[in-house]
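Examining the three-dimensional arrangement
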Amino acid sequence: MRLIIFGPQGAGKGTQSARIAEKYGIPTISTGDIFRWAIKGGTALGLKAKEYVEAGRLVPDEVTIGVVRERLHADDCQEGFLLDGFPRNVRQAEAFDEMLEKSGDKLDAALMIVVPEEVSLSRILTRRSCLECGRNYGVDSPPEHNWTCDSCGGKVVERQDDLEKETVTERLRLYHEQTEPLKQYYEDEGLLKEIDGLGSPDEVFSRIVGAI
Ligand code: ADP
Ligand code: ZN
């Protein structure tokens, strides 16, 4: 199964991605997580990505596309994958189509999670995530013990790029400007599945499974 998932910040992509990956036995590739880990580890990629991620802007396409191309070559991606956060603009979508064509693979579906702007904003403000594994929590759905991750014991905190209002607004603006056109792009390819992102994580997940 080869899938991509997109939607505005706070639409619940991270939460749903974890469930989809588990159900279909495929790895999730989150470009946001890749950049955050690279920045934390101070790698060459981290140094390149840092200023963009901190400002809520898009990391340059040539960097991002290279990262994904390399990641998709790994053994664990040969039977399928779920891409979360990529492609994020039409240029990345075209580059991704070229990758698929080269490897003779087909995308099964492009999942677009739809939520109203005020919901997306309030979810961004109340979400927390594990510094070690990236697992998502919310103020209303904390880990069992004192903000330590249920999966790995890591510290669960606010994401740095969620703290500043300007950064959050910039990411939402870029979503509308750069990422929303993917709706048309994947509609034209006959792959678009629009999913209502309102309701509990279980409800949204069953809509996704139904659409797939
Ligand atoms: P969000 O969807 O909440 O903005 P992500 O974890 O998907 O969070 O991304 C965090 C940051 O990583 C983005 O603001 C951007 O700087 C960078 N990033 C992630 N994916 C991409 C991508 N496909 N192209 C360019 N930059 C990206
Ligand atoms: Zn964790």
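Relevant structure appears above.
The structure displayed is predicted, hence computed values, not measured ones.

**A short note on the sheet that holds strand E7 (residues 156-157)**
On the basis of which strands lie adjacent, the open sheet formed by three strands has the order E6-E5-E7 and antiparallel pairing. The strands lining the two open edges of the sheet, one partner per strand, are strand E6 (136-138) and E7. By the bridge criterion, three bridges tie strand E5 (residues 127-130) to E6 in an arrangement that is antiparallel. Among the inter-strand pairings, Ser-129 is bridged to a residue of E6, identified as Asn-136.

**Some details on the pattern of salt bridges**
Side-chain pairing between opposite charges can occur once the charged atoms of the two side chains come close. Per the counting criterion, the structure on display carries 16 salt bridges. Note that Asp-33 is salt-bridged to Arg-36, the shortest N-O span being 3.0 Å. Note that Asp-33 and Arg-36 are positioned in helix H2 (residues 31-41) at a spacing of three residues, about one turn of the helix. Among the residues examined, Arg-36 registers a relative accessible area of 27% and is labelled partly exposed. Salt bridges sharing common partners tie together Arg-127, Arg-159, Asp-161, Asp-162 and Arg-171.

**What to know about the coordination of the zinc ion (ligand 2)**
For the zinc ion (ligand 2), the protein coordination sphere consists of Cys-130 (SG), Cys-133 (SG), Cys-149 (SG) and Cys-152 (SG), at 2.3 to 2.4 Å. All donors of the zinc ion (ligand 2) belong to a single chain; written as a sequence motif, their spacing is C-x2-C-x15-C-x2-C. On the criterion of sequence distance, the pair formed by Cys-130 in strand E5 and Cys-152 in the loop between E6 and E7 is long-range, its members being 22 residues apart. Taking the relative accessible area as the measure of exposure, Cys-130 reaches 4% and is therefore buried. Classification of Cys-152 as partly exposed rests on a relative accessible area of 41%.

**Focus: the packing of H2 against helix H3 (residues 44-55)**
Interaxial distance between H2 and H3 falls to 8 Å at its minimum, and their mutual angle equals 115 degrees. As the angle between them shows, H2 and H3 are arranged roughly perpendicular. Considering only the axes of H2 and H3, their crossing is left-handed. Across the interface between the two elements, Ile-34, Phe-35, Ala-38 and Ile-39 of H2 pack against Leu-45, Gly-46, Ala-49, Lys-50 and Val-53 of H3.

**A word on the site of ligand 1**
Inspection of the region around ligand 1 gives 20 residues, with Thr-31, Arg-36, Arg-57, Gly-85 and Arg-171 positioned closest. Lys-13 is positioned with one of its side-chain polar atoms (N or O) 3.4 Å from an oxygen atom of ligand 1. Contact distances for ligand 1 include 2.5 Å between an oxygen atom and a backbone N or O atom of Arg-57. When contributions to the shell around ligand 1 are tallied by element, the ones reaching two or more residues are H2 and H3. The leading source of residues in the shell around ligand 1 is H2, at four residues. Broken down by class, the residue content of the shell around ligand 1 amounts to six nonpolar, six polar and eight charged.

**Points about the environment of Ala-18**
Its place among the elements puts Ala-18 in helix H1 (residues 13-24). Overall, Ala-18 belongs to the partly exposed group, its relative accessible area being 48%. Expressed as a C-alpha distance, the spacing of Ala-18 and Asn-136, which sit 118 residues apart in the sequence, is 9.4 Å.

**Focus: helix H4 (residues 61-72)**
A rise of 1.5 Å per residue sets the reference length of H4, with its twelve residues, at 16 Å; its end C-alpha atoms lie 16 Å apart and thus fit the reference within 8%. Listing the buried residues of H4 in full gives Asp-61, Val-63, Thr-64, Ile-65, Val-67, Val-68 and Leu-72.

**Structural notes on the side chain of Asn-89**
With respect to the element layout, Asn-89 can be found in the loop between strand E3 (81-84) and helix H5 (90-103). Judged by its relative accessible area of 7%, Asn-89 falls in the buried class. A polar contact is formed between the side chain of Asn-89 and the backbone nitrogen of Arg-91, at a distance of 3.2 Å.

Definitions and cut-offs
Residues numbered from 1 in each chain as written. Chains lettered and ligands numbered in written order. Predicted model: local features only at pLDDT ≥ 70, side-chain atom pairs only at ≥ 80, totals over all residues. Heavy atoms only, no water. Pairing = 2+ DSSP bridges. Helix = DSSP H or I, 4+ residues; strand = E, 2+ residues; numbered from the N terminus. Salt bridge = Lys/Arg side-chain N within 4 Å of Asp/Glu carboxyl O. Buried < 20%, exposed > 50% of the residue type's maximum accessible area, 1.4 Å probe, protein only. Donors = N, O, S within 2.8 Å, 3.2 Å for Na, K, Ca; no water. Axes fitted to C-alpha atoms, helices over the stretch in contact; angles between N-to-C directions. Parallel < 35°, antiparallel > 145°, perpendicular 65-115°, else oblique. Left-handed = near helix turned anticlockwise from the far one by under 90°. Contact = heavy atoms within 4.5 Å. Near = heavy atom within 4 Å. Polar contact = N/O pair within 3.5 Å; in protein donor to acceptor, adjacent residues only side chain to side chain. Nonpolar A, V, L, I, M, F, W, Y, C, P; charged D, E, K, R; others polar. Expected span 1.5 Å × (residues − 1).

Purely spatial values, then, with no claim about function.
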